[in-house]
Amino acid sequence: MKKLLPALLAGLLVSGSVLAKDWTEVRIGMEPSYPPFSKLSPSGKIEGFEPELLALYCAEMKLKCTLVSSEFDGLIPGLLAKKFDVIMSSMSINAERKQKVNFSDRYYITPSQLVAKQGSPLLPTAAALKGKTIGVQRGSVSADYALASWQSQGVNVRQYSKTPEAYMDLTSGRLDAVFADKMEIQQGFLAKNSAKFALIGTPVSDAKYIGEGIGMAFRKEDQDLTARFNDAIKKVQASGAFKKLSDRYFKYDISKG
């Protein structure tokens, strides 16, 4: 029996290597309502900074990548249910999500901040926001922070499935402010609404809620795929391709925050 063990173990190792997935095509879950990072074109195609960055990564890995549209709060459940293989949707890396998924290295970083009418005296504190109604995107780190830090202190935190829905209520006066990703506010909402609205208070960078930066999420068992994307992130950054793309969309290299 002892003589059989080495042969048996060798057989298991060979079997494991045969069963290891040969990644030639991956499906990427993305919520396409977060301009300039992602949005739907009139023809229904997902476009923006993240689809273009994904194309750079996939070309580096020689992988065929297919985008799959999903609501943001359905991304992690969809990943775990194998509706797609990777999440790339401005998802912040934080401790709560790490319990369910693995993350790549971060590819950009940005804090959350309030946006409200020009001249608003509001601050990102429970005392300043007491009695006010603040919009957040359901499932986002901004929502996590607002619910944990403000809601129990008399702040009405209203959740939306998509950030643009919160912006609509802000412009119509049904919200006092929206709390969201600072860069998305600047590049998305304020690009067209800066005459009446502005970022207010100070940015919030609490790592417990806001996280460690933005990364791609993977099922825990897909460590090989995570490693391939991490390698692509490093190579695209080192080649200067990331900065070139970032400069087309933003005023600074967002990989550095």
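Up top is the structure these notes are about.
What you see is a predicted model; the values in this text were computed from it and never measured.

A. The arrangement of the state of the cysteines in detail. Counting across every chain of the model gives one disulfide. Across the disulfide from Cys 58 sits Cys 65; the S-S distance is 1.9 Å. As the torsion about the S-S bond is roughly -95°, the Cys 58-Cys 65 disulfide counts as left-handed. For Cys 58, a relative accessible area of 5% translates into the label buried.

B. Layout of unusual backbone geometry. For the bond running from Pro 35 to Pro 36, omega is 5°, close enough to zero to count as cis. Residue position: Pro 36 is located in the loop between β2 (33-34) and β3 (38-40). With phi around 55°, Lys 62 is a residue other than glycine that occupies positive phi space. Positionally, Lys 62 belongs in the loop between α2 (49-61) and β5 (64-69).

C. Representation of the environment of Arg 248. As for its placement among the helices and strands, Arg 248 is situated in helix α10 (residues 241-249). Polar side-chain contacts of Arg 248 include one of 2.8 Å to the side chain of Glu 52.

D. Structural context of the pairing of strand β9 (residues 133-137). The buried count for β9 comes to five of five residues, which makes it a mostly enclosed element. Strand direction decides the pairing type here: β9 and strand β10 (residues 156-160), joined by five bridges, are parallel. By the bridge assignment, Ile 134 is partnered in β10 with Val 157. Crossover handedness for the path β9 to helix α6 (residues 141-149) to β10: right-handed. Pairing of β9 with strand β11 (residues 177-181), which is carried by two bridges, proceeds in the parallel orientation. Note that in β11 the partner of Ile 134 across the bridge is Ala 177.

E. Seen up close, empty space enclosed by the protein. As enumerated under the stated definition, the model contains one cavity of 30 Å³ or more in all. Surrounding the largest cavity, 22 residues form its lining, Tyr 34, Ser 90, Ser 140, Val 141 and Asp 181 being those nearest its centre. Those elements that place two or more of their residues in the lining of the largest cavity are β6 (86-92), β9, α6 and β11. A breakdown of the residues in the lining of the largest cavity according to their chemical character gives 10 nonpolar, nine polar and three charged.

F. Inspection of the sheet that holds β2 at higher detail. Spatially, β2-β3-β4 is the arrangement adopted by the three strands of the open sheet, whose pairing is antiparallel. With partners counted over all chains shown, the strands left at the sheet margins are β2 and β4 (46-47), one partner each. Pairing geometry for β2 and β3, over two bridges, is antiparallel. Bridge pairing links Ser 33 to Lys 39 in β3.

G. How the structure looks around the layout of surface pockets. Size it by volume and the largest pocket reaches roughly 290 Å³. Around the largest pocket, the lining is made up of 14 residues, and of these Pro 35, Gln 187, Gly 188, Phe 189 and Lys 192 lie nearest the centre. Listed by contribution, the elements that provide at least two residues to the lining of the largest pocket are α7 (163-171) and α8 (182-193). Take the lining of the largest pocket: its biggest share by element is six residues, from α8. The class makeup of the residues in the lining of the largest pocket is six nonpolar, four polar and four charged. Reported here for the second largest pocket is a volume of approximately 190 Å³.

Reading the values: rules and limits
Residues numbered from 1 in each chain as written. Predicted model: local features only at pLDDT ≥ 70, side-chain atom pairs only at ≥ 80, totals over all residues. Heavy atoms only, no water. Disulfide = S-S within 2.5 Å. Buried < 20%, exposed > 50% of the residue type's maximum accessible area, 1.4 Å probe, protein only. Helix = DSSP H or I, 4+ residues; strand = E, 2+ residues; numbered from the N terminus. Polar contact = N/O pair within 3.5 Å; in protein donor to acceptor, adjacent residues only side chain to side chain. Pairing = 2+ DSSP bridges. Right-handed = clockwise from strand over helix to strand, strands pointing away. 1 Å grid on protein atoms, 1.4 Å probe; cavity = no way out; pocket = protein on both sides within 12 Å on 5 of 7 lines; lining within 4 Å. Points joined across faces, edges and corners; volume = space filled by probe spheres on them. Nonpolar A, V, L, I, M, F, W, Y, C, P; charged D, E, K, R; others polar.

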